[in-house]
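Here is how the chains run, residue by residue.
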Amino acid sequence: MQYFSEKHSAEVVIKQYENCKNLRLKKIMESAITHLHDFVKDVEPTQEEWSYVIDYLTKTGQKCDDKRQEFILLSDVLGISALVDTINNRKSINATESTVLGPFHVNNAPKRKMGENINHDGKGEPAYIFGQILDTNNNPIEHAEIDVWQANEDGFYDIQQPDVQPEMNLRGVFKTDKDGKYYFRSVKPKFYSIPTDGPVGTMISATGRHPNRPAHLHYIVSAKGYKPVVTHVFVKGSEYLDSDAVFGVKESLISEYILITDKNKIKEYGFEDQYYELEFNFVLEKTD
Ligand code: BEZ
Ligand code: FE
């Protein structure tokens, strides 16, 4: 019989899980207990520090409601969301990499016609975004769907500013034709701050980090018979590409918004003045 001691703390606690019939749960609990006990032994928190941790987690829960999920944000800024996403979306060589979904996707974004402008607040630098959805052999995937969303020029999503931005500003769902091609109008994204008015913000500032995400456009690309990809395209040259607050950046997802100044092209594409072009192709893997 082993009684609880500093030396044997983890093994004594783990023993109480020996009858757990769900083997996956048993493994998760054993690993969590092992690592948490190691953490406490490494840090040796004072009673006051441990009370602070409990209070911090309590406040994190209290900040959550149907519009705000502070625990996911905490997982995001600790790099856990990015790690879970990466482990669960290991890709064959040339398939498009995934990244974090984030809290600002909505399920009922309007279906839009190819070529439509998703920018409805009139702010920002105009952009034309286009590309093709391909399989891993470089063949177009017909009738693919792309769901896109981005923050506005001031760094906020429409659902963060329901009284300021038009509803469904800067989001939409497009369906490709047989050729898998997509194109729409929007604005060049800007970097923005994740919400800092809760416990995550307190931790970010107490530790001398910054809360910013590099400029990006979110995509969910899906097609029948293929694994959907939840991803972003990041703006090449944006601030914070090397220090994303939620660790979403992958090199393959960085792409250049090219400034178009050619008068004929501006006219041909229906813009009033110079605009940016972003071309990005997506490669989907077949479902197993
Ligand atoms: C986003 O990109 O929308 C996002 C992702 C994680 C946390 C906050 C925002
Ligand atoms: Fe975002």
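A few points on the structure. Keep in mind the model is a prediction, meaning the values are calculated, not measured.

Let's talk about the pattern of salt bridges
- Counting across every chain of the model gives 16 salt bridges.
- A salt bridge links K26 to E30; the shortest N-O distance between them is 3.9 Å. Taken as a pair, K26 and E30 lie in helix α2 (residues 23-43) at a separation of 4 residues, close to a single helical turn.
- Between D158 and R171 there is a salt bridge whose closest N-O contact spans 2.6 Å. Of this pair, D158 sits in the loop between β2 (145-149) and β3 (171-175) while R171 sits in strand β3; the two residues are 13 residues apart in sequence, bridging distant segments of the chain. R171 shares its class with D158; the two are buried.
- Look at the salt bridges and you will find they share partners, linking K63, R68, E70 and D197 into a network.

Comments concerning the site of ligand 1
- Inspection of the region around ligand 1 gives 13 residues, with D76, Y192, R213, H216 and H218 positioned closest.
- At 2.7 Å from an oxygen atom of ligand 1 is found a side-chain nitrogen or oxygen belonging to Y192.
- When residues of the shell around ligand 1 are traced back to their parent elements, those giving at least two are α4 (70-77) and β7 (216-222).

Concerning the coordination of the iron ion (ligand 2)
- Around the iron ion (ligand 2), the protein supplies Y157 (OH), Y192 (OH), H216 (NE2) and H218 (NE2) as donor atoms, at distances of 1.9 to 2.2 Å.
- Seen from the iron ion (ligand 2), its 6 donor atoms lie at angles of 53 to 166°, and the figure they make is irregular.
- H216 sits in the buried class, given a relative accessible area of 1%.

Considering the packing of α4 against helix α6 (residues 199-206)
- Across the interface, α4 lies against α6 with an axial gap of 9 Å and an inter-helix angle of 25°. Taken together, the axes of α4 and α6 are roughly parallel relative to one another. Across from E70, L73, L74 and V77 in α4, the residues of α6 making contact are P199, V200, G201, M203 and I204.
- Class assignment of the residues belonging to the contact of α4 with α6 gives a composition of 7 nonpolar, 1 polar and 1 charged.

Calculation rules
Residues numbered from 1 in each chain as written. Chains lettered and ligands numbered in written order. Predicted model: local features only at pLDDT ≥ 70, side-chain atom pairs only at ≥ 80, totals over all residues. Heavy atoms only, no water. Salt bridge = Lys/Arg side-chain N within 4 Å of Asp/Glu carboxyl O. Helix = DSSP H or I, 4+ residues; strand = E, 2+ residues; numbered from the N terminus. Buried < 20%, exposed > 50% of the residue type's maximum accessible area, 1.4 Å probe, protein only. Near = heavy atom within 4 Å. Polar contact = N/O pair within 3.5 Å; in protein donor to acceptor, adjacent residues only side chain to side chain. Donors = N, O, S within 2.8 Å, 3.2 Å for Na, K, Ca; no water. Tetrahedral: all angles 85-135°; square planar, octahedral: opposite > 155°, others 65-115°. Axes fitted to C-alpha atoms, helices over the stretch in contact; angles between N-to-C directions. Parallel < 35°, antiparallel > 145°, perpendicular 65-115°, else oblique. Contact = heavy atoms within 4.5 Å. Nonpolar A, V, L, I, M, F, W, Y, C, P; charged D, E, K, R; others polar.

This is a description of form; function is not addressed.
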